Amino acid sequence: MRALLSALEGHRLHDMIFVMAATGLRVGEAMGLRWQDTTADTLTVRYQLARHDGEPVLAEPKSPRSRRTILLPPVAADALRRQSAHQAAERLAAGRKVGQGWMSDLVFTTAAGEPLAESTVQYVMGEACKAAKVPHVSPHGLRRYAGTIAASTGDMKAAQGLLGHTSAAMTGDFYASATEASRKRAADAAQEALG
């Protein structure tokens, strides 16, 4: 993940991809995130960006559990602050108001202030993976990564809450991967019980 993010350094979508990796946001949730739904240390998923007849719209999240508030790790809060500064600079350089209505409040947009397309995010990530010489990571792979990191703490309920799942079992079965640290904790527990 660090190699991928390093390859994206300086790219206008770096902070979006960083926030997705840190929080487990679905790509539609990241593209539909509004500034009014962020604070210095949290973000609240209220909408996702969807397309209706080819037009961008803010839609309800995937499920009621998907509406959630996420406590941001400091590195993700820093990424949002950088994004705010980059977006302000782009708007100043444009010399005109960019985006209209609800679009003007989106955290992650095109340089013209329009909603992003998922295919753009996928393309940028694919190119970054090639540049970093790492296996392909999709936007959904960022979600799986965040779930694995959260689950590696041993608190599956926290991972469930982060990802907005209806059950911790689903999180464990489909999103959390065994890590070296979790395997070591299992081995240590067996040693303590049997040693």
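As the structure is a prediction and not an experimental result, all values here were calculated from the model.

*Asks:* I'm lost on the overall build of the protein in this one. Help?
*Replies:* Looking only at helices and strands, the protein features nine helices and four strands. For the protein, the succession of helices and strands along the chain, N to C, is α-α-α-β-β-β-β-α-α-α-α-α-α. Put simply, the protein has 195 residues, and 42% of those count as buried. Restricting to contacts in the protein with at least 6 residues of sequence separation, those with at least 24 account for 59%. By element, 57% of the accessible surface of the protein is carried by carbon and sulfur atoms, the whole surface being about 10300 Å².

*Asks:* Could you clarify how one ought to interpret the environment of Arg91 in this entry?
*Replies:* Within the secondary structure, Arg91 sits in helix H4 (residues 74-94). What makes Arg91 partly exposed here is its relative accessible area of 25%. Between the C-alpha atoms of Arg91 and Ala112, which are 21 residues apart in sequence, the distance is 7.9 Å.

*Asks:* Please clarify how empty space enclosed by the protein should be interpreted in this entry.
*Replies:* A probe matching the size of a water molecule, rolled over the atoms, marks out where space remains unfilled. Considering all chains together, one arrives at one cavity of 30 Å³ or more under this definition. Its volume calculated, the largest cavity comes out at about 30 Å³. Around the largest cavity, the lining residues are Glu29, Gly32, Leu33, Arg34, Asp37, Thr44, Val45, Arg46 and Tyr47. Its residues assigned to classes, the lining of the largest cavity shows three nonpolar, two polar and four charged.

*Asks:* Would you mind showing me how to read the packing of helix H2 (residues 14-23) against H4 here?
*Replies:* Each pair of packed helices can be described by the angle between their axes along with the distance between the axes. Relative to each other, H2 and H4 sit at 155°, their axes nearing to 9 Å. Taken together, the axes of H2 and H4 lie roughly antiparallel to each other. H2 and H4 meet at a crossing whose hand is left-handed. Along its contact with H2, which presents His14, Asp15, Phe18, Val19 and Ala22, the element H4 presents Val75, Ala76, Ala79, Leu80, Arg82, Gln83 and His86.

*Asks:* Just checking my understanding: could you explain the pattern of salt bridges for this structure?
*Replies:* Side-chain pairs of opposite charge can arise where the charged atoms are in close proximity. Taken as a whole, this structure holds nine salt bridges when the rule is applied. Measuring nitrogen to oxygen at the nearest pair gives 2.3 Å for the salt bridge that ties Asp78 to Arg81. Placement of the pair is Asp78 and Arg81 together in helix H4, with a separation of three residues, close to one helical turn. The network of salt bridges with common partners includes Arg26, Glu29 and Arg68.

*Asks:* Looking at this model, I keep getting lost on the nonpolar core. Mind explaining?
*Replies:* One recurring pattern in soluble globular proteins: nonpolar side chains tend to sit buried together. In this structure, Leu4, Met16, Ile17, Leu25, Leu43, Phe108 and Leu142 are the most contacted members of the largest nonpolar core, which totals 39 residues. Elements that contribute at least two residues to this core include exactly helix H1 (2-7), H2, helix H3 (27-31), strand E1 (42-45), H4, helix H5 (118-132), helix H6 (139-151) and helix H7 (156-163). If one sorts the elements of this core by residue count, H2 sits on top with six residues. Sequence-distant contacts of Leu25, defined by excluding residues within four places in its chain, comprise Val19, Met20, Ala30, Leu43, Val45, Arg68, Ile70 and Arg143.

*Asks:* Help me out: how do you make sense of the layout of surface pockets in this one?
*Replies:* The calculated volume of the largest pocket comes to roughly 350 Å³. In terms of lining, the largest pocket is formed by 14 residues, of which the most central are Ala21, Ala22, Val75, Tyr145 and Ile149. Mapped by element, the contributors of at least two residues to the lining of the largest pocket are H1, H2 and H6. When residues of the lining of the largest pocket are assigned to their parent elements, the largest contribution, four residues, is made by H6. Tallied by class, residues from the lining of the largest pocket come to 13 nonpolar, no polar and one charged. Taken as a whole, the second largest pocket holds about 170 Å³ of empty space. Forming the walls of the second largest pocket are 14 residues, and the residues nearest its centre are His11, Arg12, His14, Asp15 and His86.

Calculation notes
Residues numbered from 1 in each chain as written. Predicted model: local features only at pLDDT ≥ 70, side-chain atom pairs only at ≥ 80, totals over all residues. Heavy atoms only, no water. Helix = DSSP H or I, 4+ residues; strand = E, 2+ residues; numbered from the N terminus. Buried < 20%, exposed > 50% of the residue type's maximum accessible area, 1.4 Å probe, protein only. Contact = heavy atoms within 4.5 Å. Areas by Shrake-Rupley, 256 points an atom, 1.4 Å probe, with all protein chains shown as cover. 1 Å grid on protein atoms, 1.4 Å probe; cavity = no way out; pocket = protein on both sides within 12 Å on 5 of 7 lines; lining within 4 Å. Points joined across faces, edges and corners; volume = space filled by probe spheres on them. Nonpolar A, V, L, I, M, F, W, Y, C, P; charged D, E, K, R; others polar. Axes fitted to C-alpha atoms, helices over the stretch in contact; angles between N-to-C directions. Parallel < 35°, antiparallel > 145°, perpendicular 65-115°, else oblique. Left-handed = near helix turned anticlockwise from the far one by under 90°. Salt bridge = Lys/Arg side-chain N within 4 Å of Asp/Glu carboxyl O. Core = buried A, V, L, I, M, F, W, Y, C linked by side-chain atoms within 4.5 Å.

Limitation: the analysis is restricted to geometry and does not speak to function.
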